[in-house]
Amino acid sequence: MSLNPSKPSRGRPKTLDREHVLDVAMASYWKEDIGNLSLNEICRRCDISKPGLYREFLNEDGLMKAVILKYHQEVLSPVQQMLNTDAAFRETLDNLVLFAASINDSQGAPKGCLLIKMREAQMHLGEATRAQIDLIQEQAIATYKKWVERSKAKGEFTADMSAEFAASYIDAQLSHASSQLARGEDPQLVKRILMAALSILK
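Conventions and cut-offs
Residues numbered from 1 in each chain as written. Predicted model: local features only at pLDDT ≥ 70, side-chain atom pairs only at ≥ 80, totals over all residues. Heavy atoms only, no water. Salt bridge = Lys/Arg side-chain N within 4 Å of Asp/Glu carboxyl O. Helix = DSSP H or I, 4+ residues; strand = E, 2+ residues; numbered from the N terminus. Expected span 1.5 Å × (residues − 1). Polar contact = N/O pair within 3.5 Å; in protein donor to acceptor, adjacent residues only side chain to side chain.

(A) Quick peek at the pattern of salt bridges. Per the counting criterion, the structure on display carries 12 salt bridges. One salt bridge connects K70 with E19, and the closest N-O pair in it is separated by 2.9 Å. Of this pair, K70 sits in helix α4 (residues 60-83) while E19 is found in helix α1 (residues 18-31), placing the two residues 51 residues apart along the sequence. Across the salt bridge formed by R119 and D171, the nearest N and O atoms sit 3.7 Å from each other. With a gap of 52 residues between them, R119 in helix α6 (residues 114-120) and D171 in helix α8 (residues 163-182) connect regions that are remote in the sequence. Here the salt bridges share partners, and the residues they tie into one network are E19, D23, K70 and E74.

Encoded structure:
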């Protein structure tokens, strides 16, 4: 007689597609007002139950943190890698402007930067998500600073400002451009304004 035969796991088998949920949630948070987007609506769009989402992400804060980590990996990391190359400062700056002011050609695609949008909606975020956003922000500022320092060492950055100030200035201009895009302002106008703002660095 078997003392303790293998028991079937309780509840329904896990069928939640984590990547699908993150894709849907990321697109939803990116396109819409985060404060007005309920967890029930995310579940409806993903065709999953709320308990199923809780089993995977613990809570809404866990879902949002997972979303911003996915966004960082897929969208922001390539930009940071670009800033870590030995390309000329002006070339990299121009590419940064192109990235910041770029728009997706597909209809209904999100505009602006999800990270910056979430930073501006901090009152609607949980503690874990806010902490992750702060960490990504610190990493971005550090990356800008190192890029400026390398460019200074090569004689390519000649503006009369410290690397710390330049890093904060770059971040502020990119954030402003993202907010303009998210509000639906003309991308070409946003691009021209950003180019003018960053031209003092060349």
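That was the structure; now back to the text.
(B) Representation of α4. Under the 1.5 Å per step criterion, the end-to-end length of α4 is 33 Å for 24 residues, consistent within 8% with the ideal 34 Å. Of the residues that open α4, the one with a side-chain oxygen 3.2 Å from the backbone nitrogen of D61 is N59.

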